[in-house]
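# Descriptive analysis of the structure
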Amino acid sequence: MFTDRDATVGIRSPASIGLVDALELPDTYGAVVPVLSHLGPKSLGTERKRQITATGATTGLWI
């Protein structure tokens, strides 16, 4: 689980960097995100989702 105390820190927050780094490891399948808003406010969340997708990992949205 990766989390930031302040979701508006910026696109490259410590938690988002940690998540992307983990997703770039070999044989990593994806990330489960309950709702896209958990990636941050809309503009940040959209860019973070793009970065996650760029790793080749799957972003699953399950509630």
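Use the structure listed above.
None of the values given here were measured: they were computed from a predicted structure.

For soluble globular proteins, nonpolar side chains are generally found buried alongside one another. Membership of the largest hydrophobic core is limited to 7 residues, which are Leu19, Leu23, Ala31, Val33, Leu39, Ile52 and Ala57. Setting aside chain neighbours within four positions, we find Ala57 in contact with Leu23, Tyr29, Gly30 and Ile52.

Let's shift gears to the pattern of salt bridges. Pairing between side chains of opposite charge can happen when the charged atoms of each approach one another. Counted under the stated rule, the structure contains 1 salt bridge. As a salt-bridge pair, Arg50 and Glu47 come within 2.6 Å of each other at their nearest N and O atoms. With a gap of 3 residues between them, Arg50 and Glu47 both fall in helix α2 (residues 42-54), about one helical turn apart. A relative accessible area of 47% places Arg50 in the partly exposed class.

This paragraph deals with α2. Across its 13 residues, α2 extends 18 Å between first and last C-alpha, which sits within 8% of the 18 Å expected from 1.5 Å per residue. Of the residues making up α2, those classed as buried are Leu44, Gly45, Arg48, Gln51 and Ile52. Seen along its axis, α2 keeps its buried residues to an arc of 120°; they face one direction. Opposite its buried face, α2 presents the exposed residues Lys42, Ser43, Thr46 and Ala54, each directed more than 90 degrees away. Backbone geometry just downstream of α2 places Gly56 in the positive-phi region, at approximately 90°.

Regarding helix α1 (residues 14-23), the residues found buried are Ala15, Ser16, Gly18, Leu19, Val20 and Leu23. Contacts made by the buried residues of α1 are with β1 (30-32) and α2.

With respect to the element layout, Ile17 can be found in helix α1. We classify Ile17 as partly exposed; its relative accessible area is 27%. C-alpha of Ile17 to C-alpha of Ile52: the two residues are 35 residues apart in sequence and 9.9 Å apart in space.

Note that Ser13 resides in the segment before α1. If near-sequence neighbours (up to four positions away) are discounted, Ser13 is found in contact with Asp4 and Arg48.

Conventions and cut-offs
Residues numbered from 1 in each chain as written. Predicted model: local features only at pLDDT ≥ 70, side-chain atom pairs only at ≥ 80, totals over all residues. Heavy atoms only, no water. Core = buried A, V, L, I, M, F, W, Y, C linked by side-chain atoms within 4.5 Å. Buried < 20%, exposed > 50% of the residue type's maximum accessible area, 1.4 Å probe, protein only. Contact = heavy atoms within 4.5 Å. Salt bridge = Lys/Arg side-chain N within 4 Å of Asp/Glu carboxyl O. Helix = DSSP H or I, 4+ residues; strand = E, 2+ residues; numbered from the N terminus. Expected span 1.5 Å × (residues − 1). Arc of directions from axis to C-beta.

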